[in-house]
Amino acid sequence: MSKTKQPSYVIGLMSGTSADGIDGVILKISDKNTFTIHRSVSHPYSDDIRKRIRKLTSQKITNAEHSAGLDGELALLYAAVTKDLLGQAKDKTIDVIGCHGQTVHHSPDSDPPFSLQIGDGQILANETGHTAVTDFRAADIASGGQGAPLVPAFHEAVFSSESETRAVINIGGISNITFLPAGKTDKISGFDTGPGNTLIDYWCRTHFKCGYDKNGDIARTGDLQLDLLDLFLRDAYFERIPPKSTGLEYFNANWLKDKMSLWEGRSHSTNEDILMTITMLTARCIVDQLKKLHPRVEAVYLAGGGANNALLKDMIKDLSASKVSTTEDLGIHPQWVEAAAFAWMAYRTIHDLPSTLPSVTGASSPTVAGKINTPAQQPTSVTG
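Calculation rules
Numbering of residues starts from 1 in every chain and runs along the sequence as written. Note on the predicted model: pLDDT of at least 70 is required for a residue's local features to be given, and 80 or more for side-chain atom pairs to be given and counted; whole-chain, interface and lining totals, by contrast, use all residues. The basis for the side-chain values is all heavy atoms of the structure; hydrogens and waters are excluded. Each residue gets one of three labels from its accessible area relative to the maximum for its type: buried under 20%, exposed over 50%, partly exposed in between, using a 1.4 Å probe on protein chains only. Where helices and strands are cited, they refer to DSSP runs of H or I of at least four residues and of E of at least two residues respectively, numbered from the N terminus. When DSSP locates at least two bridges between a pair of strands, those strands are taken to pair. Here a cavity is any set of points on a 1 Å grid over the protein atoms alone where a 1.4 Å probe fits but cannot get out, and a pocket is any open set with protein on both sides within 12 Å along at least 5 of 7 lines; a residue lines the site when it has an atom within 4 Å of a point. Grid points are joined across faces, edges and corners, and a volume is the space filled by probe spheres set on the points. Note that Gly is not counted as nonpolar here; it falls among the polar residues with everything else outside the nonpolar set of Ala, Val, Leu, Ile, Met, Phe, Trp, Tyr, Cys and Pro and the charged set of Asp, Glu, Lys and Arg. In this analysis, two residues are considered to be in contact whenever any of their non-hydrogen atoms come within 4.5 Å of each other. Convention adopted: a line fitted to C-alpha atoms gives each axis, helices being fitted over their contacting stretch, and angles between N-to-C directions are expressed from 0 to 180 degrees. Roughly parallel covers angles under 35 degrees, roughly antiparallel covers those over 145, roughly perpendicular covers 65 to 115, and oblique covers all other angles. Throughout, nonpolar core names a set of buried Ala, Val, Leu, Ile, Met, Phe, Trp, Tyr and Cys residues whose side chains join them through atoms within 4.5 Å. Centres within 6.5 Å are what make two rings of Phe, Tyr or Trp a pair, Trp counting through its six-membered ring; a difference in plane orientation under 30 degrees is then read as stacked, over 60 as edge-to-face, and the rest as tilted. Each ring is checked for a lysine NZ or an arginine CZ that lies within 6 Å of its centre and within 35 degrees of its normal; such an atom marks a charge sitting over the ring.

> I'd like a description of the pairing of strand E4 (residues 94–107), backed by residues and values.
Successive side chains on a regular strand alternate, one facing one side of the sheet and the next facing the other. Of all 14 residues in E4, 13 are buried; the element is thus mostly enclosed. Across five bridges, the pairing between strand E1 (residues 8–15) and E4 is parallel. Its bridge partner being in E4, Gly12 is matched across the sheet by Gly98. With two bridges connecting them, E4 and strand E6 (residues 132–134) associate as parallel partners. The residue bridging Gly98 from the neighbouring strand is Val133, located in E6. Pairing between E4 and strand E5 (residues 114–118): five bridges, direction antiparallel. Paired with His106 across the bridge in E5 is Ser115. Here E4 hands over to E5 after six residues, the two strands then running antiparallel side by side.

Listed below in structure tokens is the structure:
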């Protein structure tokens, strides 16, 4: 009689395009291919690091040398989050760390295609004494794919249903969607829908001296500007057919300023009106594309920071013909989904298993994602 396979414990680290900080989890993977969050932590970025990341993403980046200094500093911050998690789980053996890194440029349609996530993987491995998998997008891009979004494969593994056709919407700085047909009767698909929190947060920082609109409370005091919303929604990106992905190099302050320069109603509106309209833009670009491309969805599950914005969630509910809740109803809190995804991807990488979906990214084949960074001396168990 064979022994029951022991669970695996893997660490996942995620710092999204909102540049708020680093989320980290220890993901427990059982022999039945079930997943639970064993431990979780969140470390906010300092104001200085946050400002430097945003400055870097606003520049035209063509190679890794542009971000060399911040690359090492972020690796040390990822290591600090990892050590925090290790300290909470001294009795567990950690197989691997999966670290997405901080995206500072994503341009998969350029010639040559280019996507850069910083946070030096070798420094992370050396500092923690554990193998770290990083640079998850490169293999997919080399195979002709967009390199994003990468989380749909994890969504498929964790959130698929035999009886319910679902959509999982991750609302970070940029929003992305995963379509999960009931019983896997059709191909999994996914793509970036457009801005998530990025324009909302920018408007809050610029006009209300706060980092984000908690619960959408500020936007609720404004009036929707339908002509401005219509102008936003005419952007060509929303009409593109997937596979497609985008980032802050496209949907940023300059994009917003350019659109508003064409708007005749600016002098008659308040900053609250514009925030309300930007929030509705995020909701509309999600639901409009969902209805157009996947009208059969029965249930929508939200993840990411945007799931905490009550106004945005209400808008999606009002616009959608599906029931809307969060991934907490499926067993994983919205804050930890992406970190868990990169833990899962790293686990598959060290077992030489693919973790990308050509039906999502447009690549020629599935890829074993990520670069494996091995420390000089790797402990066999966690000692704290």
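> Please provide a residue-by-residue account of the layout of surface pockets, values included.
Estimates place the volume of the largest pocket at around 810 Å³. Along the wall of the largest pocket there are 36 residues; nearest its centre are Ser18, Asp20, Asn197, Gly305 and Asn308. Elements that contribute at least two residues to the lining of the largest pocket include exactly E1, strand E2 (21–29), strand E3 (35–44), helix H1 (47–57), strand E7 (166–171), helix H6 (198–207) and helix H11 (337–350). Tallied by class, residues from the lining of the largest pocket come to nine nonpolar, 18 polar and nine charged.

> Before we move on, could you go through H6 and cite the residues and values that matter?
For an α-helix, the turn length of 3.6 residues means that residues three or four places apart are oriented alike. For H6, a buried count of seven out of 10 residues is recorded, marking the element as mostly surrounded by other parts of the structure. Those residues of H6 lying buried are Thr198, Leu199, Ile200, Asp201, Tyr202, Trp203 and Cys204. Those residues of H6 that are buried are in contact with strand E8 (174–180), strand E9 (189–195), helix H8 (253–261) and helix H9 (271–293). Of the residues trailing H6, Lys209 is marked for its positive phi of about 55°.

> Talk me through the sheet that holds E8; I want residue IDs and the actual numbers.
The strand order E9-E8-E7-E10-E11 describes an open sheet built from five strands, whose pairing is mixed. Because the sheet does not close on itself, it has two edges, and the strands there are E9 and strand E11 (323–326). Strand-to-strand, the axes of this sheet are offset by a mean angle of 20°, without reference to chain direction. The pairing of E8 with E9 spans six bridges and is classified as antiparallel. For Thr178, the partnering residue across the bridge sits in E9 and is Gly190. This element, H9, spans E7, E8, E9 and strand E10 (299–303) of the sheet and lies at about 150° to E9. In the packing of helix H10 (residues 310–319) onto the sheet, contacts are made with E7, E10 and E11, and the angle to E11 comes to roughly 155°.

> Before we move on, could you go through the packing of H6 against H8 and cite the residues and values that matter?
As a packed pair, H6 and H8 sit with axes 10 Å apart at the nearest point and diverge in direction by 80°. Judged on the interaxial angle alone, H8 and H6 are roughly perpendicular. Counting all contacts with H6, which are made through Leu199, Tyr202 and Trp203, the residues of H8 involved are Ala253, Trp255, Leu256, Lys257 and Met260. Here the contact of H6 with H8 is composed, by residue class, of seven nonpolar, no polar and one charged.

> Give a detailed account of the nonpolar core, specifying residues and quantitative values.
Taken as a class, soluble globular proteins show a tendency for nonpolar side chains to be buried jointly. Leu256 and Ile316 are the most contacted members of the largest nonpolar core, which has 46 residues in total. Taken together, the elements giving at least two residues each to this core come down to E7, E8, H6, helix H7 (226–233), H8, H9, E10 and H10. Of the residues forming this core, the biggest block, 11 residues, is contributed by H9. For Ile316, the residues in contact, after removing those within four places along its chain, are Ile171, Ala283, Ile286, Val287, Leu302 and Val324.

> Which residues make up the packing of aromatic side chains, and what are the values?
Within this structure, the stated rule accounts for 12 aromatic pairs. Between Tyr237 and Phe238, the aromatic rings sit 6.3 Å apart at their centres with planes inclined by 80°, giving edge-to-face as the arrangement. With respect to burial, Tyr237 and Phe238 carry one shared label: buried. Between Phe238 and Phe251, the aromatic rings sit 5.7 Å apart at their centres with planes inclined by 20°, giving stacked as the arrangement. With Phe238 in the loop between H7 and H8 and Phe251 in the loop between H7 and H8, this residue pair connects regions lying 13 residues apart in the sequence. Neither residue differs from the other here; Phe238 and Phe251 are each classed as buried. Put simply, the rings of Phe232, Tyr237, Phe238, Tyr250, Phe251 and Trp255 touch in pairs and so form one group of aromatic residues. Here the guanidinium or amino end of Lys244 rests over the ring plane of Tyr237, the centre of that ring lying 4.4 Å away.

Function cannot be read off these values alone, since they describe shape.
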